[in-house]
Amino acid sequence: MEKVLGFGGFFFRSGDAQSLAKWYNDHLGIDPVPTDAESLPWMAEGGPTVFAPFAADSDYFPADKSFMLNFRVADLEAMMRQLDKAGIAVKRLNDMPGIGKFAHLSDPEGNAIELWEPVAP
């Protein structure tokens, strides 16, 4: 059986795509989509990727959102300080033993984001 090789992208609608792409670049370091053949897209570092449909009535992220972005980070506390300094509210969640540390925030358009510092292998 053929399998996909990895996550190639996430595409979603935005009220102001350019401003939102700039926010992700400025605050999370995600490079915008290239506009020419010489530019490179954001290159994610290797590591675990979780693909998990949630029950429709889950309260793990806002009920009015159909998705939540999850980004792996090397140092959750440092990332939270950086976002706090930029005036971005971040909610620290309880650690999950054997899995890692988590925090939730929203982008300027209210999309749910989870930051995950996985437990070191």
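Refer to the structure above for everything that follows.
Residues numbered from 1 in each chain as written. Predicted model: local features only at pLDDT ≥ 70, side-chain atom pairs only at ≥ 80, totals over all residues. Heavy atoms only, no water.

## Examining a nonpolar patch on the surface
- Among the surface-exposed residues, F7, F10 and F12 lie close enough to one another that they form a single nonpolar patch of about 300 Å² accessible area.
- Along the chain, F7 turns up in the segment before helix 1 (17–28). (Patch = residues over 30% accessible without salt bridge, like charges linked within 9 Å, V, L, I, M, F, W, Y side chains within 5 Å. Areas by Shrake-Rupley, 256 points an atom, 1.4 Å probe, with all protein chains shown as cover. Salt bridge = Lys/Arg side-chain N within 4 Å of Asp/Glu carboxyl O. Helix = DSSP H or I, 4+ residues; strand = E, 2+ residues; numbered from the N terminus.)

## Structural notes on the pairing of strand 4 (residues 112–118)
- For strand 4, a buried count of six out of seven residues is recorded, marking the element as mostly surrounded by other parts of the structure.
- Here five bridges tie strand 1 (residues 68–72) to strand 4, and the two strands are oriented parallel to one another. Residue pairing in the sheet places F71 in a bridge with L115 of strand 4.
- Here strand 3 (residues 100–106) pairs with strand 4 via seven bridges, running antiparallel. Each bridged residue has a counterpart across the sheet, and for K101 the counterpart in strand 4 is E117.
- Taking the residues between adjacent antiparallel strands as the criterion, strand 3 and strand 4 are bridged by five residues, where G110 takes a positive phi near 85°. (Buried < 20%, exposed > 50% of the residue type's maximum accessible area, 1.4 Å probe, protein only. Pairing = 2+ DSSP bridges.)

## Focus on the sheet that holds strand 4
- Sheet architecture is open: four strands sit in the order 1-4-3-2, paired in mixed fashion. With partners counted over all chains shown, the strands left at the sheet margins are strand 1 and strand 2 (91–92), one partner each.
- Against the sheet, helix 1 makes contact with strand 1, strand 3 and strand 4, and its axis sits at roughly 25° relative to strand 4, the strand it touches most. (Contact = heavy atoms within 4.5 Å. Axes fitted to C-alpha atoms, helices over the stretch in contact; angles between N-to-C directions.)

## Some words on the environment of L20
- Note on placement: L20 falls in helix 1.
- Using a relative accessible area of 5% as the deciding quantity, one classes L20 as buried.
- A C-alpha to C-alpha distance of 7.9 Å links L20 and D107, two positions 87 residues apart in sequence.
- Setting aside anything within four residues of it in sequence, one finds L20 in contact with F12, S14, D107, P108, E109 and N111.

## Topic: the packing of aromatic side chains
- Here the structure, examined in full by the defined rule, presents nine aromatic pairs.
- Ring geometry for F54 and Y60: centres 5.8 Å apart, planes at 15°, overall stacked.
- Their ring planes at 5° and their centres at 6.1 Å tell us that F102 and W116 sit as a pair that is stacked. You can see F102 sitting in strand 3 and its partner W116 sitting in strand 4, a full 14 residues away along the chain. Note on accessibility: F102 and W116 belong to one class, buried.
- An aromatic cluster is defined as three or more aromatic residues linked by ring pairs; in this entry it consists of W23, Y24, W42 and F71. (Phe/Tyr/Trp six-rings, centres within 6.5 Å; stacked < 30°, edge-to-face > 60°.)

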